[in-house]
Structure formats: C-alpha cells, structure tokens
Amino acid sequence: VQLQASGGGLVQAGGSLRLSCSASGSIANNNYMGWYRQAPGKQRELVASISLVGTTIYANSVKGRFAMSRDNAKNTVSLQMNSLKPEDTAVYFCHTWANGGTSSVWGQGTQVTVSS
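All right, on to the overall build of the chain then. Assigned secondary structure in the chain consists of 0 helices and 11 strands. Along the chain, helices and strands appear, N-terminal first, in the series β-β-β-β-β-β-β-β-β-β-β. Relative to the 2.2 N^0.38 estimate, which gives 13 Å for 116 residues, the radius of gyration of the chain is 13 Å and therefore close to what a compact globule would have. With the C-alpha coordinates aligned to their principal axes, the bounding extent of the chain is approximately 40 × 25 × 20 Å. Sorting the 116 residues of the chain into buried and exposed places 41% on the buried side.

Sheets are built from strands paired through backbone hydrogen bonds, the pairs being either parallel or antiparallel. Read across the sheet, 4 strands follow the order β1-β3-β8-β7 without closing on themselves; strand pairing throughout is antiparallel. For this open sheet the edge positions go to β1 (3–6) and β7 (66–71), each flanked by a neighbour on one side alone. For this sheet, the mean angle separating the axes of adjacent strands, direction not counted, is 15 degrees. Relative to strand β3 (residues 17–23), β1 runs antiparallel, the two being bridged by 4 bridges. Paired with alanine 5 across the strands is cysteine 21, a residue of β3.

Thresholds, definitions, all that
Residues numbered from 1 in each chain as written. Predicted model: local features only at pLDDT ≥ 70, side-chain atom pairs only at ≥ 80, totals over all residues. Heavy atoms only, no water. Helix = DSSP H or I, 4+ residues; strand = E, 2+ residues; numbered from the N terminus. Rg over C-alpha atoms; globule rule 2.2 N^0.38 Å. Buried < 20%, exposed > 50% of the residue type's maximum accessible area, 1.4 Å probe, protein only. Pairing = 2+ DSSP bridges. Axes fitted to C-alpha atoms, helices over the stretch in contact; angles between N-to-C directions.

This is the structure we're talking about:
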C-alpha cells in the first residue's frame, strides 16, 4: 500500500483545515492508521491514530481540536483540524503498517502553516 496526503495550506490562527490521506490499496484490514507531524528542528510526533473500528487516540496538544476519521470503503483517512494555533505549524504525515505489520508506510507529507 502507498499513502498520499493532501489538504495542507496556510491558515490564520483559529482557522480550520482538513487533511486527507488516500491509500493506493485497501486499508480495510489495516487496524491502525496514524497522523504524525514534524516541525522544523523537532522530532516527528504522533498527532492522532485510529483503529479499524474507529477508536481514536489524540496527542494532548490537539485533544478537543482535531478529529480523525476513516472511510475503509474509500481507502481514506482524514484529519479535521479546528482552532488551529501557530504551534500546529508542521509537515503532517499519514502512516500505517503493511504486510502484516512488517512494513512501515509513510505518505509524502503535507505542509500546514498557521499564522498568528
């Protein structure tokens, strides 16, 4: 499976963006899908993850502002980002495990910039 992220852009603080991640193959059997982000000079961090049945986990920094969802029929996952802050500025990546959990698969990343 290959992943392609889209939907990033420039937005003012308090605004919203919706990121999408499209998979080239079926994600119906991928228990885990995740969104990570990496800001300049910082390590990549997990923002949100979702299980096959839709259970979500969020980083404390985005709880209550971000919402992750998945559509297995369309092989996509999304990240709705509301009340954006300048500190949310980063490149956002989608991630999953393929081949029975032996292959780490990353999307190419999409830039999110939040101006103050």
